[in-house]
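Report on the structure
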Amino acid sequence: MTEVSDREPPRRRVPGPARSSSGRPVSGQRRPGPGARPTRRPAPARPAAPNALRLGSPRPRLRMVGLALTLVLIAFVVRLLQVQAVDASAYAAKADQNRYVGHVLAAERGGITDRNGVALAASVDAYDLTADPTMFNRKMLGIDDGPEQAAALLAPILGQDQATLVKKLRPANKESRYVLLARRQTPQVWTQIKDLKSALNEKADTDSSTVNVLAGVFADPSSKRVYPNGDLAAGILGWVNDEGKGGGGVEQQLNKVLTGKDGKIRYAQSGGRLVPTAGSTETPAVPGSDVELTIDRDIQWAAQNAISKQVKESKADRGYVIVQDTRTGEVLAMADSPGFDPNDLSDASPSALGNAALQDAYEPGSTAKVMSMAAVLEENAATPLTHVVVPNRLHRGDRLFKDDIDHATWNLTLNGVLAKSSNIGTILATGQLGKTQPQANQVLYSYLRKFGIGGYTGLDFPGETKGILAPADKWSTSQQYTIPFGQGVSINAMQAASVYSTIANGGVRVEPTLVRGEKGPDGRFTPAAKPKQTRVVSEKTAKTLARMLESVVDDQEGTGTKARIPGYRVAGKTGTANRVDPATGRYSGYTSSFAGFAPADNPRITVYCAIQNATKGSYFGGQICGPIYREVMEFALKTLQVPPTGAKAAKLPVSFTP
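The name that an unreviewed UniProt entry assigns to the protein chain is Cell division protein FtsI (Penicillin-binding protein 3), with the source organism given as Streptomyces pseudovenezuelae. According to the UniProt record, the Sequence similarities (unreviewed entry) comment for the protein chain is "Belongs to the transpeptidase family."

Section: the overall build of the protein chain
Check the secondary structure of the protein chain and you find 20 helices and 24 strands. Each of the 658 residues in the protein chain was classed as buried or not, and the buried ones make up 45%. Put simply, 72% of the contacts in the protein chain that link residues at least 6 apart link residues at least 24 apart. With an accessible surface of roughly 35,300 Å², the protein chain has 51% of that area assigned to carbon and sulfur atoms.

Thoughts on the environment of Pro653
Inspection of the secondary structure assignment puts Pro653 in the segment after α20 (626-639). According to the relative accessible area criterion, Pro653 is partly exposed, its value standing at 38%. When the C-alpha positions of Pro653 and Pro384 are compared, they lie 8.6 Å apart, and in sequence the two are 269 residues distant. Filtering out sequence-adjacent residues up to four positions away, Pro653 remains in contact with Leu385, Thr413, Asn415 and Gly416.

Details of the pairing of strand β13 (residues 331-337)
Of all seven residues in β13, seven are buried, a share of seventy percent or more. The sheet contact formed by strand β12 (residues 318-325) and β13 spans six bridges and is antiparallel. Residue Val321 lies in a different strand from β13, and its bridge partner there is Ala335. Two successive antiparallel strands, β12 and β13, enclose a turn made up of five residues, where Gly329 displays a positive phi of approximately 80°.

Overview of the state of the cysteines
Under the criterion given, the structure shown has zero disulfides. With no disulfide of its own, Cys609 lies 3.2 Å from the sulfur of Cys625, the closest cysteine sulfur. The exposure class of Cys609 is buried, given its relative accessible area of 0%.

Concerning the side chain of Asp360
Along the chain, Asp360 turns up in the loop between α11 (356-359) and α12 (369-378). We classify Asp360 as buried; its relative accessible area is 19%. Polar side-chain contacts of Asp360 include one of 3.1 Å to the side chain of Arg318. Discounting residues that sit within four places of it in the chain, Asp360 has contacts with Arg318, Tyr320, Thr465, Ile491 and Asn492.

Some thoughts on the pattern of salt bridges
In this structure the tally under the stated criterion is 18 salt bridges. The shortest N-O distance in the salt bridge between Glu550 and Arg569 comes to 2.8 Å. Residue Glu550 is found in helix α18 (residues 539-554), and its partner Arg569 is found in the loop between α18 and β22 (571-580); the two are separated by 19 residues along the sequence. Overall, the relative accessible area of 14% leaves Arg569 in the buried class. Bridged by salt links that share partners, the residues Arg115, Glu292, Glu330 and Arg516 form one connected network.

Some words on the side chain of Arg318
By secondary structure assignment, the location of Arg318 is in strand β12. One polar contact links the side chain of Arg318 to the main-chain carbonyl oxygen of Ser351, over a distance of 2.8 Å. In contact with Arg318, not counting residues within four places along its chain, are Val311, Ser337, Pro338, Ser351, Ala356, Asp360, Ala610, Ile611 and Gln612.

As for unusual backbone geometry
A cis amide bond links Ser337 to the next residue, Pro338, at an omega of 0°. Of note, the bond from Ala598 into Pro599 is cis; its omega dihedral lies within 30 degrees of zero at -15°. Structurally, Pro599 can be placed in the loop between β23 (587-598) and β24 (605-612). You will see that Ala233, though not glycine, has its phi angle at about 60°, which is positive.

Some words on the nonpolar core
If you look at the biggest cluster of nonpolar residues, it comprises 90 residues, and the most contacted ones within it are Leu293 and Met334. Sorting elements by how many residues they give to this core places helix α17 (residues 493-504) first, with eight residues. Leave out the neighbours within four places in its chain, and Leu293 touches Ile112, Thr113, Asp114, Arg115, Leu120, Ile236, Leu237, Val250, Leu514, Val515 and Arg516. Counting 32 residues, the second largest nonpolar core, distinct from the first, contains Ala303, Val553, Cys609 and Val642.

A closer look at helix α4 (residues 146-158)
With 13 residues, α4 ought to run about 18 Å at 1.5 Å a step, and its terminal C-alpha atoms sit 18 Å apart, in line with that. The axis of α4 is deflected most strongly, by about 30°, at Ala152, and proline Pro156 appears within four residues downstream. Here α4 has its buried residues at Gly146, Pro147, Ala150, Ala151, Leu154, Ala155, Ile157 and Leu158. On the buried face of α4, the contacting elements are β3 (119-131), α3 (138-141), α5 (162-169), β4 (179-185), α6 (187-206) and β5 (217-226). Phi turns positive one or two residues past the end of α4, at Gly159, with a value near 70°.

Details of the sheet that holds β22
One open sheet holds the five strands; their spatial order is β13-β12-β24-β23-β22, and the pairing between them is antiparallel. Lying at the two open borders of the sheet, with one neighbouring strand each, are β13 and β22. Direction aside, the axes of adjacent strands within the sheet are offset by 10° on average. Note: β23 against β24, eight bridges, orientation antiparallel. Considered in β24, the bridge of Phe594 is made with Cys609.

Some remarks on the packing of aromatic side chains
Summed over all chains, the structure comprises 10 aromatic pairs. Among the aromatic residues, those joined into a ring-pair cluster are Phe401, Tyr481 and Phe485. Lying across the ring of Phe218, Lys197 places its NZ or CZ 5.5 Å from the centre. Above the ring of Trp410, the side-chain terminus of Lys420 is found at 4.6 Å from the ring centroid.

Conventions used here
- Residues numbered from 1 in each chain as written.
- Predicted model: local features only at pLDDT ≥ 70, side-chain atom pairs only at ≥ 80, totals over all residues.
- Heavy atoms only, no water.
- UniProt positions renumbered as here; feature names shortened; annotations may be inferred.
- Helix = DSSP H or I, 4+ residues; strand = E, 2+ residues; numbered from the N terminus.
- Buried < 20%, exposed > 50% of the residue type's maximum accessible area, 1.4 Å probe, protein only.
- Contact = heavy atoms within 4.5 Å.
- Areas by Shrake-Rupley, 256 points an atom, 1.4 Å probe, with all protein chains shown as cover.
- Pairing = 2+ DSSP bridges.
- Disulfide = S-S within 2.5 Å.
- Polar contact = N/O pair within 3.5 Å; in protein donor to acceptor, adjacent residues only side chain to side chain.
- Salt bridge = Lys/Arg side-chain N within 4 Å of Asp/Glu carboxyl O.
- Core = buried A, V, L, I, M, F, W, Y, C linked by side-chain atoms within 4.5 Å.
- Expected span 1.5 Å × (residues − 1).
- Bend = angle between axes of the 7 residues up to and from the residue.
- Axes fitted to C-alpha atoms, helices over the stretch in contact; angles between N-to-C directions.
- Phe/Tyr/Trp six-rings, centres within 6.5 Å; stacked < 30°, edge-to-face > 60°.
- Lys NZ or Arg CZ within 6 Å of the ring centre and 35° of its normal.

See below:
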């Protein structure tokens, strides 16, 4: 170690003044005085070394680096100002767009019930399955075949083609964040997918190589339309299409009432999960109103069962049955055959869709004679007892007319003309409506219009036909004589039923109705507007016609004896008309029909039946439609607990002795 001395350190040596070579001080320099700071003696200059490297000044470089850093900082500041101030709202909107997902909340469709509250159409819980395509790309999953793997898992569950699902999960628009995979899936289907997602999540937690390829699949609550009774009343109800809109029948007619008002939901999502945040909003959906029909499910079943059985046995093209309350105009049943199941339209025949009872236009035949007789009685051109001599043939215009069977000259009353359904007798009777044939035509035309022929029924049903009835001055030579007995004019089944309900209701036509009212989401019931009522003939004429129609069923000479119901007085009329083939526009086959009401002396129910083109067995209306009338009428009377009146029928004579 070096020892430290306690002695005073030596003083620094101060160099003296510069001197000349002679030893004297240099001229112009002063000798420093005491306390003056000595001047440093300049070191002698050294000669420069050959090839010496001279260092440049660092200041220019520092200035350049400083300038560059300043520009970078200025750029950052400008960009920050642009993001935070100038374009703040735009970037916030983009952030929300990527963070938040919005969907429509479908309103629950209102139900449809019969007059007793029995469900005919209802909505059950279902889910619309959706996906966010951006959650299946490589950036999100780290794999290239995310859509393919997801589609392979979803295809067997959804019953869809795998390639179709891949296209949905990898859309052309790469920025798309919403795609619909399947509509209205049952809760069981969504449960299967949720279980798969959970299983993939659990596996991904333990195995880093596993990815949840279903993380981008979601479910929006929706509803599915079901028809608990299968094909029952399908022609009335219609169906709901894939877009949730009514595709036919009441579903289409009252779609706005049944649909309600959709709501909206906006929520944040991350990694395929919903994140509750303050930015989430929801506008609840407003359910649709329930609709109560005038239909009685049990009577509808009886009508549909009866017509389906007869159409099958007769190997006919189709048939329809209508049951109507004569007092209110309410339709208690409207059955078609063949029909369809609105729960599954994949197997339905296009020709069976819709409601043939309202959409088919056909020539009614002899059931239309009741309108001709109503005009004759109302105009006092004849009475039920008026004698009508009916030859075997009648020449009118350019045609030779006959009845359905050859016969010797008949001596019939007007009542007998109706009971035996004589075409010739009807032509002779309606010829008395005017002094000339054109005048008679005009009078008959006016009554046909009053009965609702040639116009819509008032149901406002989708696809309804108003039939064909030319103005009287446009009737051809043959139409002048065929229209009185139901040829040369076209109607639908509801129009035909309404004619008989008008007679049964004392001559007052009440527009038919299918809807009794609506029940809103608040539970308040709003009844339907009262139907329009029009007097067509007097009550006296209506009662006289009812007695005449009894002869068709009750009298042994009548054509409707198969429609008799033990204990009840029945009024009715048969019809067998030449049928126009819709495919060719030519007459081919027959339209068989029967119409009537009961009890005849205190009417409550009207039943109308028609069968198109029966090809096996009889084709006469009284033979194949009379039994259907009896079966359906008897069931309806018992269902509505309508007792027999107990009064005896007032038999009117059918023929006279000359």
